[in-house]
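Here's the letter readout for the chains.
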Amino acid sequence: MEYNNTFECGICYYQSQARDFTPITVSANFAALECPKCLNNDKDTFCEVNIEEKLAA
């Protein structure tokens, strides 16, 4: 997993880079992301956010 990717929590919709979703609780699945806001660590609820920059012509 690249640390520059942006992810979104499927429960509280918090968005941040992957490094901010590092598991911090003892019961966390360390193979999955963990939301720092709601402590969700269900890997199926996270989605990668693709932000494309579009330049005006």
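The preceding data block contains the structure.
Predicted model, so just to flag it, every value in this text is computed and none were measured. Per-chain numbering applies: the sequence of each chain, read as written, is numbered from 1 onward. Per-residue local features of the predicted model are confined to residues with pLDDT of at least 70, and side-chain atom pairs are confined, for both listing and counting, to 80 or more; whole-chain, interface and lining totals are unaffected and use all residues. The side-chain quantities take in all heavy atoms of the structure and omit both hydrogens and water.

**Some thoughts on the packing of aromatic side chains**
For Phe, Tyr and Trp, where Trp contributes only its six-membered ring, two rings pair if their centres lie within 6.5 Å, and the inter-plane angle classes them as stacked under 30 degrees, edge-to-face over 60, or tilted in between. All chains considered together, the criterion is met by 2 aromatic pairs. Members of the aromatic cluster, each reached through a chain of ring pairs, are Tyr14, Phe21 and Phe46.

**Let's talk about the state of the cysteines**
In a disulfide, the sulfur atoms of two cysteines are held together by a covalent bond. Pairs of cysteine sulfur atoms within 2.5 Å are what we label disulfides. Considering all chains together, one arrives at 0 disulfides under this definition. This cysteine, Cys12, is not joined by any disulfide, and Cys35 carries the nearest cysteine sulfur, 3.5 Å off. Exposure remark for Cys12: the relative accessible area of 34% places this residue in the partly exposed category. Here's how the labels work: a residue is buried when its accessible area is under 20% of the maximum for its type, exposed when over 50%, partly exposed in between, all with a 1.4 Å probe on protein chains only. Overall, the relative accessible area of 0% leaves Cys35 in the buried class.

**Re the side chain of Glu34**
For the purposes of this entry, the term helix denotes a DSSP run of H or I that reaches at least four residues, the term strand denotes a run of E that reaches at least two, and both are numbered from the N terminus. Structurally, the position occupied by Glu34 is in the loop between strand E2 (15-17) and strand E3 (47-49). When charges are tallied, Lys and Arg are placed among the positive residues and Asp and Glu among the negative ones, while His and the ends of the chain are skipped. Any Lys or Arg side-chain nitrogen found within 4 Å of a carboxyl oxygen on Asp or Glu counts as a salt bridge. No salt bridge is formed by the buried Glu34; its nearest oppositely charged neighbour, Lys37, is found at 13 Å. Each polar contact in these results corresponds to two N or O atoms within 3.5 Å; when the atoms are within protein, one needs to be able to donate a hydrogen and the other to accept it, and residues that are neighboring in sequence are counted only if both atoms are side-chain atoms. Here the side chain of Glu34 touches Ile24 through a polar contact of 2.7 Å, landing on its backbone nitrogen.

**Looking at the environment of Asn29**
Checked against the element boundaries, Asn29 lands in the loop between E2 and E3. For Asn29, a relative accessible area of 38% translates into the label partly exposed. Separated by 14 residues in the primary sequence, Asn29 and Lys43 have C-alpha atoms spaced 8.8 Å apart. By definition in these notes, contact holds between two residues if any of their heavy atoms fall within 4.5 Å. In contact with Asn29, other than residues within four places in its own chain, are Pro23 and Asn41.

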